[in-house]
Amino acid sequence: MTMEDIKFVQNFKKTTNDAWLKGWHERNGGNISYRLTEDEVVAVKEFISEDSKYTPIGVTVKNLANEYFLVTGSGKFIRNMTVCLEENAGIIKIDEKGENYKIVWGLINGAKPTSEITSHLMSHSIKKEKTKGAYRVIMHSHTTNTIALTFVLPLDGKVFTRQLWEMATECPVVFPSGIGIVPWMVPGGAAIANETGKLMNKHDVVIWAHHGMFCAGESLDLTFGLMDTVEKSAEILVKVLAMGGKKQTISSQNFRDLGKAFNVHISEDYLD
Ligand code: 13P
Ligand code: ZN
């Protein structure tokens, strides 16, 4: 038995490879983090070492105290995660106060967790509380079409949500809580983490204008699927706009009917 045989490690590698194949992760663009279950922490115990020193997170995430996360490394290429995981990713542990982390596995040769670790942990903290521990994944990708739209649509979550819902019938079922938008900000660090966190209270999808997307979900599959759905919808919208714009579309009443049929609450905030 090696680290690579453990199921969540295999799932993580598959997700990173799928995301690379989608074209969302040029060079070192994007990063992914996964919060281990108690059983998974037990399973990795024989491979980890708790000797390293703690580093400040930059924000306090009290409800993540003593939690373990598998995270991609800063400056590391998502396309290389399947080549050698311990060079390109690692497991970190959060301290008792929720203020510091230490590397307990991987990130060898002096590598560090993603520069977006503060936004990841802030989002994990909020989602852990909101979903009573169900959500375990935060994924940040440089999704081409979604980024392109942030140069054209108003930077307003209501506009993005409604426009992207209209581009594929099942969108409101996949992201009923809509999309939040962070205007352009310097990436990495506490300021963008706090703005992202505020929006994560309400949404599973947060778009960073002119940069990329943050998605939150229960599992690697569901979070990847959410990212893929939003990005595909954005691709359709880019094509529709390039063809001269909508000539007909899904109406507010159509969305209400969809909500009833699929037993999903479609917020009136996004309908007229
Ligand atoms: P990292 O290489 O530090 O993960 O940064 C990539 C990125 O997308 C920053 O927003
Ligand atoms: Zn980025």
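Here, every reference points to the structure presented above.
What this report covers is the structure whose coordinates are included nearby.

The rules we used
- Note on numbering: residues in each chain are counted from 1, in written sequence order.
- Chains carry letters and ligands carry numbers; both start at the beginning, A for chains and 1 for ligands, and go up in the order they are written.
- Two thresholds apply to this predicted model, a pLDDT of at least 70 for residue-level local features and 80 or more for giving and counting side-chain atom pairs, whereas whole-chain, interface and lining totals are computed over all residues.
- Computation of side-chain values covers all heavy atoms of the structure but excludes hydrogens and water.
- Any residue with at least one heavy atom within 4 Å of a molecule or strand is counted as near it.
- Nitrogen and oxygen atoms within 3.5 Å of one another constitute a polar contact, given that in protein one can donate a hydrogen and the other can accept it, and given that sequence-neighbouring residues count only through two side-chain atoms.
- With residues, only the protein chains shown are counted as cover, and all accessible areas are computed by Shrake-Rupley using a 1.4 Å probe.
- Take the buried Ala, Val, Leu, Ile, Met, Phe, Trp, Tyr and Cys residues and link them wherever side-chain atoms come within 4.5 Å; each set so joined is a nonpolar core.
- Exposure is judged per residue with a 1.4 Å probe applied to protein chains only, and the accessible area is read against the type maximum: over 50% gives exposed, under 20% gives buried, and values in between give partly exposed.
- In this analysis, two residues are considered to be in contact whenever any of their non-hydrogen atoms come within 4.5 Å of each other.
- Here a cavity means grid points, on a 1 Å grid over the protein atoms only, where a 1.4 Å probe fits yet cannot get out; a pocket means an open set of points with protein on both sides within 12 Å along at least five of seven lines; lining residues are those with an atom within 4 Å of a point.
- Grid points are joined across faces, edges and corners, and a volume is the space filled by probe spheres set on the points.
- Where helices and strands are cited, they refer to DSSP runs of H or I of at least four residues and of E of at least two residues respectively, numbered from the N terminus.
- Each residue receives one of three labels: charged for Asp, Glu, Lys and Arg, nonpolar for Ala, Val, Leu, Ile, Met, Phe, Trp, Tyr, Cys and Pro, and polar for the others, Gly being one of them.
- Salt bridges are defined as contacts in which a side-chain nitrogen from Lys or Arg sits within 4 Å of a carboxyl oxygen from Asp or Glu.
- One less than the residue count of a helix, multiplied by 1.5 Å, gives the span that helix is expected to have.

Thoughts on the site of ligand 1
Residues in contact with ligand 1, as listed here, are N28, G29, G30, N31, S74, G75, T114, S115, E116, H140, H142 and H211. Within the side chain of H140, one N or O atom sits 3.4 Å away from an oxygen atom of ligand 1. If ligand 1 stood free it would expose 300 Å²; the protein chains cover 92% of that surface.

Re the nonpolar core
Where a protein is soluble and globular, its nonpolar side chains tend to be buried together. By size, the foremost hydrophobic cluster in this structure holds 53 residues, and its most contacted members are F8, L36, I91, L164, F175 and I179. Other than its neighbours up to four places away in sequence, F8 contacts Y34, L36, E40, V44, L70, I91 and L220. By size, the runner-up hydrophobic cluster in this structure holds 23 residues, among which are I94, Y101, M200 and F214.

Observations concerning the layout of surface pockets
The space that makes up the largest pocket amounts to roughly 210 Å³. Around the largest pocket, the lining is made up of 14 residues, and of these N11, T15, S219, L220 and D221 lie nearest the centre. Of all the secondary structure elements, the ones that give two or more residues to the lining of the largest pocket are α1 (7–21) and α9 (220–242). Taken together, the residues of the lining of the largest pocket break down into four nonpolar, three polar and seven charged. Its boundaries defined by the atoms lining it, the second largest pocket holds a volume of some 180 Å³. Taken together, Y135, V174, D204, A216, G217, E218, D221, L222, G225 and L226 form the lining of the second largest pocket. When residues of the lining of the second largest pocket are traced back to their parent elements, those giving at least two are β9 (212–217) and α9.

Let's talk about the pattern of salt bridges
For the coordinates displayed, the defined rule picks out 15 salt bridges. Measuring nitrogen to oxygen at the nearest pair gives 2.8 Å for the salt bridge that ties K14 to D18. Of this pair, K14 and D18 both sit in helix α1, four residues apart, which is roughly one turn of the helix. We note a salt bridge from E166 to K246, for which the minimum N-O separation is 2.9 Å. Of this pair, E166 sits in helix α6 (residues 157–166) while K246 sits in the loop between α9 and α10 (252–262); the two residues are 80 residues apart in sequence, bridging distant segments of the chain. For E166, a relative accessible area of 9% gives the class buried. Through salt bridges with shared partners, a single network forms among R162, E166, K246 and D272.

Regarding α9
For α9, built from 23 residues, the straight-helix expectation of 33 Å at 1.5 Å per residue is met to within 8% by its first-to-last C-alpha distance of 33 Å. Within α9 the residues assigned to the buried category are L220, T223, F224, L226, M227, V230, E231, S233, A234, L237 and V240. The first or second residue beyond α9 is G244, which carries a positive phi of 105°.

Purely geometric numbers; function is a separate question.
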